[in-house]
Amino acid sequence: MNNLSRRGALGVLGGAMASTVVPNLARAGMGPYKFVRIDGLAEQAVGEKLLKEVYKRAEIEISVTPMPGKRALQQASSGAMDGETLRVFALGENVKSLIRVPTALSSLQTVAFKKSGSDISLTTKDDLNKYSNVIVTGVLHTHAITEGISDVNEVSDPAAMFKLVAAGRADLALTSYLDGLASIRQLNVEGIEDVKPALNDQPLFHYVHESKKDVVPVVDAIIKGMADSGELADLRTKLEEEYLDNL
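Residues numbered from 1 in each chain as written. Predicted model: local features only at pLDDT ≥ 70, side-chain atom pairs only at ≥ 80, totals over all residues. Heavy atoms only, no water.

A. Quick look at the packing of helix H8 (residues 216–229) against helix H9 (residues 231–245). Relative orientation of the contacting elements H8 and H9 amounts to 85°, with a least axis distance of 4 Å. Comparing their axes, H9 and H8 come out roughly perpendicular. The residues of H9 that touch H8, namely those facing Ile223, Met226, Ala227 and Ser229, are Glu231, Leu232 and Leu235. Of the residues that constitute the contact of H8 with H9, the class distribution is five nonpolar, one polar and one charged. (Axes fitted to C-alpha atoms, helices over the stretch in contact; angles between N-to-C directions. Helix = DSSP H or I, 4+ residues; strand = E, 2+ residues; numbered from the N terminus. Parallel < 35°, antiparallel > 145°, perpendicular 65-115°, else oblique. Contact = heavy atoms within 4.5 Å. Nonpolar A, V, L, I, M, F, W, Y, C, P; charged D, E, K, R; others polar.)

B. Broad picture of the pattern of salt bridges. As enumerated under the stated definition, the model contains 14 salt bridges in all. A salt bridge links Glu231 to Arg57; the nearest nitrogen and oxygen atoms lie 3.1 Å apart. Placement of Glu231 in helix H9 and of Arg57 in helix H2 (residues 42–57) is noted, with a sequence separation of 174 residues between them. The same class applies to Glu231 and to Arg57, which are both buried. Put simply, Glu193 and Lys114 hold a salt bridge, and the shortest N to O gap is 3.8 Å. Note that Glu193 is positioned in strand S9 (residues 192–209) and Lys114 in strand S5 (residues 106–115), a separation of 79 residues in sequence. By relative accessible area, Lys114 is classed as buried at 10%. (Salt bridge = Lys/Arg side-chain N within 4 Å of Asp/Glu carboxyl O. Buried < 20%, exposed > 50% of the residue type's maximum accessible area, 1.4 Å probe, protein only.)

C. Just the confidence of the model for the protein chain, in detail. Chain-level statistics for the protein chain give a pLDDT mean of 88 and a share of 89% at 70 or above. In this model, residues 1–20 is a region of pLDDT below 50 whose contacts with residues beyond four sequence positions or in other chains number 47 contacts. (pLDDT = per-residue confidence, 0-100.)

D. Spatial organisation of empty space enclosed by the protein. Enumeration over the complete set of coordinates arrives at one cavity of 30 Å³ or more. Its volume calculated, the largest cavity comes out at about 170 Å³. Along the wall of the largest cavity there are 18 residues; nearest its centre are Leu41, Gln44, Leu108, Val139 and His141. Put simply, the parts of the chain that give the lining of the largest cavity at least two residues each are H2, strand S3 (83–88), helix H5 (140–145) and strand S8 (172–176). Within the lining of the largest cavity, the residues separate by chemical class into 10 nonpolar, five polar and three charged. (1 Å grid on protein atoms, 1.4 Å probe; cavity = no way out; pocket = protein on both sides within 12 Å on 5 of 7 lines; lining within 4 Å. Points joined across faces, edges and corners; volume = space filled by probe spheres on them.)

Right under this line is the structure:
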């Protein structure tokens, strides 16, 4: 389902603590930090919990505020907030004031959702030109997948996006696989399904404003240790299941 391998044994998350310990001296005087995330997206809600566990292990206090995508980026890139919970790799190439933590914290699949029974098939992103598409504004991975696509409408939240597809006013809703499942469950919408294969599968990274760049190696060491041990994949699976179960 994503780039991070899923392992199964989800209950024990402390087995590799030794590999994620960072010397206290490196953490001295750091935080508290104020981060933002995109509001209303399942991947972002799960990412917030992942990030809080990482900073908890670093013994650094953080808060995370949900915002619309464009506002979140403006607040983080300007330094009004200290960074973003999760964004795609390209953000760090385009927004120089935000420093990418090198090790991916999570990942996502960009997937199209259609009305069940619709005669729609996708092989590459160029096939999107055959259909009317709808995306949530400010979400970079769906903006990227629709670059150069002729018929794309933007809405403010996933609920509005899936309502358009359910009503037949758009052919495809483009979002992450997890967020699509969550939106369908929350809205109690029947007759919508994902289109296989996924359009893209990519890692997601934590970003820190350049003014707080000293925390980057501290946080990266913890994420890398958790990823190498399998803890990160296990924790993410557990949090995704909890998120969907609580809808």
